[in-house]
There are 2 protein chains.
Amino acid sequence: MNSDQICNQSNGNEQQQQQQQQQQQMYNSPTDLINSVDSIRLKLTDDWKLLSSIYDLLVDEKAFCTASHEWNEKIVQFEQPKELKKLIDLKIDENKSLTMPEIEKICRQIIKYSISELCGYVHGDGIFSPGGSISNMYGLVLARYRRHPNIKTGGMFGLPPLVLFTSQESHYSLKKAAHWLGFGMNNCIEVATNERGQMSIEDLESKILDIKAEGRVPFFVNATAGTTVLGAFDDFEKVANICEKYNLWLHVDACLGGSALFCYKYRQLLKGLHRSNSFSWNPHKSMGAPLQCSLFITRELELLPQCNSLAVDYLFQQDKFYDISYDTGNKSIQCGRKVDAFKLWLMLKARGYGSFGHLLDYALDISKIFVNKLKQRKDHGFRLVLDEFQYTNVCFWYIPKHLRNLEETEEWNNQLYEVAPKVKELMIREGTLMLGYCPLQYRNVGNFFRMVFTCFPIINDSELDFILDEIERLAEQCHKHTSNGFV
Amino acid sequence: MNSDQICNQSNGNEQQQQQQQQQQQMYNSPTDLINSVDSIRLKLTDDWKLLSSIYDLLVDEKAFCTASHEWNEKIVQFEQPKELKKLIDLKIDENKSLTMPEIEKICRQIIKYSISELCGYVHGDGIFSPGGSISNMYGLVLARYRRHPNIKTGGMFGLPPLVLFTSQESHYSLKKAAHWLGFGMNNCIEVATNERGQMSIEDLESKILDIKAEGRVPFFVNATAGTTVLGAFDDFEKVANICEKYNLWLHVDACLGGSALFCYKYRQLLKGLHRSNSFSWNPHKSMGAPLQCSLFITRELELLPQCNSLAVDYLFQQDKFYDISYDTGNKSIQCGRKVDAFKLWLMLKARGYGSFGHLLDYALDISKIFVNKLKQRKDHGFRLVLDEFQYTNVCFWYIPKHLRNLEETEEWNNQLYEVAPKVKELMIREGTLMLGYCPLQYRNVGNFFRMVFTCFPIINDSELDFILDEIERLAEQCHKHTSNGFV
């Protein structure tokens, strides 16, 4: 498997047909996906038992050592990368999942051979970083380096302002990155969005032209795959056209939505991703990898080490006796790093990457069922922020009984926007649910609930009703308390 | 306990007297420190058993939940920060260590109440970051913000070059940071060092004057507490005098040496640290906290949130029902972050922070014993890079028999510099030892061994002999193989 292959499967008619066939083969009936996801769900309690073996694994593999008489044992059992590839079955399969003894065996192997790098299986050039904010910074620094390699040595002082573009619905890390990396937040231009939350192509082009007319220099566009609040996916094909036209680096913040690469039904959300120069992807979001697990991936071969390398002899000796291309330190801005790659690899290895496709397809299906339930409960006070959502984010209000069928004045709206924070407070105090809320200030819209479905937990239909019933119960309880002077 | 108090204990006569008294009380005889450290060492195998309870802890505290019928249980048991402080004994003691049942109890409490912030116990303003490289970036961005707050919005484009100074022995992350943050590596000026590896104060001042004469703007000096190769500590008092004279931000990269804050015998290494504006400290180095555990700490109150904040409504709601000063997101450049604070807090809590003082005092003592052993083995081919080291790094060559008592020509040196890489290769293949090597190129010195002592493992005297014997054995074996044509 290879990110190129996956991205490209959503392009070209022939490929689309193939994909549809594959999808049909995969889901012959509506129950196929459900069965596939249930088999994962029912085995979760068994999977978690792996944690009970961690201590035994470490003891058996002699990871603990307090005294010199134990030094007869090897500290590390070195094998050349080529040999390790034979000893440990690194290949990730689509549908082959592993049994618990097999997963244990891999953990034992990793403990035994650890210290060697195991990054070679992410195709294309890339690096794991400690989070999406920093992955996005990698994109900005790489784009800047391609445009002006001399900034690496000389800095940005003499230059006309370099400008990046990102939609007003995109993640705040782009603005923070513009601040940290010395561009300045005013050189991070907010592009308007359409009703669904997607970047307006017209506004993007018009703002690029405005900036050029001012003598500032556009160099970078960030598109988003799964915006934070509404879960919107920008139209990557159209954004890529603009970037080609004006010679701009296209980065995709796919921290939230990148996991759709594994989907069977919804992979087309990422159509055009292959035309970007780089993208960020956080398996710790939709896929449920433990924090932190974030990747920066670029198609520009050689650029990453060229951009970030520095001769550091005490760490990255050139006179090693194995293939030093496994030393990825020169690509990174960090020195000591966690082996975040292992988590992702073990997840994909243990379940088969296709399992995550099923789980995410299911999360998208269930989010659409949730939207339908909200529509059905319209008369019971539920109101959607958008009629439909592209990804697994569902945003909605609950209108308590005492606010229904009244004129929706500014005062009425302000009362509505107080509902979510109050319900959230009760949720936390009672401990029954955890559900976020937020406003969309640039749309002049106040607090609403935001439910984001992910691979784990695997939510079922009846649980959706529980969630809605609970919101209703808490909201009415809230009002009762308020009117009785309890709060 | 408070970092101010610790730093300041090394200042002022009265405090010095107190400290000496305390030290004397602590170590009445040479065996006192040994006994204290041995009691930790002998209990390690018991401590590690905590790992075997992790699964049970998570099951008992109902962290796992697959089905809706388990939803009667609370997802989180919310308590106000004030109440949590009563429920969980947050205070870290100097000498009180916890029993295993007490440590288990704390882990259970954290699982039970987790999601609440637990950062409030690091005094002064600061933030955990994913590593020393990024902690050092925090220092640079904060210093830049104090000097030119407008850079946050406008960028650095119109300005005369801002210049930072750091010693040629300092960590490479400063240069990488200069590249990333837009200063450019040529605006990161390398200051010469003395024989021990400490920054030359004369060269620092002279280079500051040179840069000013060129029209560039000095704004930041990085001093180092524990350089990577030689373990040198800059003279913070003298560097601080220069910084005050020229109004420069003083940052201390104490990633390696910051743990000396806990020392009883060697705390004076950090004399003057209190005069810095900020410092970085990685408990994942000398103290043995699991990767990643890095802190950025600054004395400039209010500056960190002012510098890095951004209104982010969907995350940092202002209408929460608890004290929002516990939300540290506005100080950070990151969004999702690991709870690295917990590891450090639990370590200090479980053992008492004084234990780490003993362990590090012991590591420094044993490194000096190692230096003496190397001197005693001078005739057996061992040669020190420096006569003495300030911290726990010990750098040395091994001269194989066939190279001894020959004229030390350039060719002879080149042969000597090949010894460490060859021995390291054999070490890894045989798995008996792991010991780094590196050159010091700006001193025109080739590869030598670099042994760095840390709190864990706790090395004893006989193990030092094993290490030296093993290096000797492998080096001679290496030469034998080479002359027999085996390699």
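Residues numbered from 1 in each chain as written. Chains lettered and ligands numbered in written order. Predicted model: local features only at pLDDT ≥ 70, side-chain atom pairs only at ≥ 80, totals over all residues. Heavy atoms only, no water.

So, the packing of aromatic side chains
This model, assessed by the stated rule, comprises 26 aromatic pairs over all chains. Over the face of the ring belonging to Tyr264 of chain A we find Arg267 of chain A, whose NZ or CZ atom lies 5.8 Å from the ring centre. (Phe/Tyr/Trp six-rings, centres within 6.5 Å; stacked < 30°, edge-to-face > 60°. Lys NZ or Arg CZ within 6 Å of the ring centre and 35° of its normal.)

Notes on the UniProt feature "modified residue: N6-(pyridoxal phosphate)lysine" (unreviewed entry) in chain A
Residue and element names in this part refer to chain A. When the UniProt feature table is mapped onto this chain, "modified residue: N6-(pyridoxal phosphate)lysine" (unreviewed entry) is found at Lys285. As for its placement among the helices and strands, Lys285 is situated in the loop between strand E6 (278-281) and strand E7 (294-298). Look at Lys285 and you get partly exposed, because its relative accessible area is 34%. What Lys285 contacts, discounting residues up to four positions off in sequence, is Cys255, Leu256 and Thr454. (UniProt positions renumbered as here; feature names shortened; annotations may be inferred. Helix = DSSP H or I, 4+ residues; strand = E, 2+ residues; numbered from the N terminus. Buried < 20%, exposed > 50% of the residue type's maximum accessible area, 1.4 Å probe, protein only. Contact = heavy atoms within 4.5 Å.)

As for the sheet that holds strand E11 (residues 445-452) of chain A
Pairing between the strands of a sheet comes from backbone hydrogen bonds, and it takes one of two forms, parallel or antiparallel. Residues and elements named next belong to chain A. The strand order across the open sheet formed by four strands is E8-E9-E11-E10, and the pairing between neighbours is antiparallel. Looking at the sheet topology across the chains shown, the edges are occupied by strand E8 (382-384) and strand E10 (436-440). The sheet shows a mean angle of 45° between the axes of neighbouring strands, direction not considered. Looking at chain direction, E10 and E11 are connected through four bridges and run antiparallel. Bridge pairing in E11 places Leu440 opposite Val445. Together, strand E9 (393-398), E10 and E11 form the strand contacts of helix H16 (residues 419-430), whose direction differs from that of E11 by roughly 45°. (Pairing = 2+ DSSP bridges. Axes fitted to C-alpha atoms, helices over the stretch in contact; angles between N-to-C directions.)

Things to note about the side chain of Arg216 of chain A
Residue and element names in this part refer to chain A. Summarising the element assignment, Arg216 is placed in the loop between helix H10 (201-213) and strand E4 (217-224). One polar contact links the side chain of Arg216 to the main-chain carbonyl oxygen of Asn186, over a distance of 3.2 Å. A distance of 2.7 Å separates polar atoms of two side chains, one belonging to Arg216 and the other to Asn187. Apart from the residues lying within four places of it in its own chain, the contact partners of Arg216 are Pro161, Val163, Asn186, Asn187, Ile189 and Ile211. (Polar contact = N/O pair within 3.5 Å; in protein donor to acceptor, adjacent residues only side chain to side chain.)

Here we look at the pattern of salt bridges
All names here are of chain A. By the definition in use, this model includes 46 salt bridges over all chains. In this structure, the salt-bridge partner of Glu205 is Lys245, at a minimum N-O distance of 2.6 Å. Of this pair, Glu205 sits in helix H10 while Lys245 is found in helix H11 (residues 236-246), placing the two residues 40 residues apart along the sequence. A residue is classified by how much of its surface remains accessible, and Lys245, at 57% relative accessible area, is exposed. Glu214 is the partner of Arg216 in a salt bridge, and the nearest nitrogen-oxygen pair spans 2.9 Å. Salt bridges here are not isolated pairs; linked through shared partners, they connect Lys373, Arg377, Asp461, Asp465, Asp469 and Glu472. (Salt bridge = Lys/Arg side-chain N within 4 Å of Asp/Glu carboxyl O.)

Focus on the packing of helix H7 (residues 132-147) of chain B against helix H9 (residues 173-180) of chain B
Residues and elements named next belong to chain B. Following both chains from N to C, one finds H7 and H9 inclined at 55°, their axes separated by 9 Å at the closest point. It follows from the interaxial angle that H7 and H9 lie oblique. Our pair here, H7 against H9, has a crossing hand that is right-handed. Together, Ser133, Asn136, Met137 and Leu140 of H7 and Ser173, Leu174, Ala177 and Trp180 of H9 make up the contact between the two elements. (Parallel < 35°, antiparallel > 145°, perpendicular 65-115°, else oblique. Left-handed = near helix turned anticlockwise from the far one by under 90°.)

Some thoughts on unusual backbone geometry
In this structure, the amide linkage connecting Leu291 of chain A to the following residue, Gln292 of chain A, adopts the cis form with an omega of -5°. Relative to the assigned elements, Gln292 of chain A resides in the loop between E6 and E7. Its identity as a non-glycine residue notwithstanding, Glu302 of chain A has a phi of 75°, on the positive side. Note that Glu302 of chain A resides in the loop between E7 and helix H12 (303-308). A relative accessible area of 52% places Glu302 of chain A in the exposed class. One non-glycine residue, Asn247 of chain B, lies in positive phi territory at about 55°.

Here's the deal with the domain arrangement of chain A
All names here are of chain A. Here chain A is partitioned into domain 1 (112-351) and domain 2 (356-483). Of note, the centres of domain 1 and domain 2, computed from C-alpha atoms alone, are 32 Å apart. If you look at the interface, domain 1 gives 31 residues, while domain 2 gives 24 residues. Regarding the contact of domain 1 and domain 2, the summed buried area is about 2400 Å², with carbon and sulfur atoms giving 61% of it. When the buried surface of domain 1 facing domain 2 is broken down by residue, Val229, Leu230 and Tyr266 rank first, second and third, together holding 25% of it. At the boundary of domain 1 and domain 2, one finds two salt bridges. Taking the shortest distance from any N to any O, the salt bridge between Glu169 and Arg443 comes out at 3.0 Å. (Domains from an automatic or database assignment. Buried area = accessible area lost by both parts, 1.4 Å probe.)

A look at the nonpolar core
The nonpolar side chains of soluble globular proteins are, as a tendency, buried together. Formed by 103 residues in total, the largest nonpolar core has its most connected members in Phe370, Phe396 and Ile471 of chain A. Broken down by element, the residue count for this core peaks at 11 residues, all from helix H14 (residues 353-376) of chain A. Counting contributing residues per domain, this core is built from domain 1 (112-351) and domain 2 (356-483) of chain A, each supplying no fewer than three. Once residues lying within four places of it in the same chain are set aside, the contact partners of Ile471 of chain A are Phe382, Phe396, Tyr398, Val423, Met427, Leu433, Leu435 and Phe449 of chain A. In this structure, Cys243, Leu374, Trp397 and Leu474 of chain B belong to the second largest nonpolar core, which totals 102 residues. (Core = buried A, V, L, I, M, F, W, Y, C linked by side-chain atoms within 4.5 Å.)

Quick look at the sheet that holds strand E2 (residues 162-167) of chain B
All names here are of chain B. Taken in spatial order, the seven strands make up an open sheet running E1-E7-E6-E5-E4-E2-E3, and their pairing is mixed. At either margin of the open sheet sits one strand with a lone partner, and together these are strand E1 (125-129) and strand E3 (188-191). On average, each strand axis in the sheet is inclined to that of its neighbour by 20°, with strand direction left out of account. Across five bridges, the pairing between E2 and strand E4 (residues 217-224) is parallel. Residue pairing in the sheet places Leu164 in a bridge with Phe220 of E4. The sheet contacts of H7 involve E1, E2, E4, strand E5 (249-253), strand E6 (278-281) and strand E7 (294-298), and relative to E4 the element is tilted by about 150°. The strands that helix H10 (residues 201-213) touches are E2, E3 and E4; relative to E3, the one it contacts most, it runs at about 150°.

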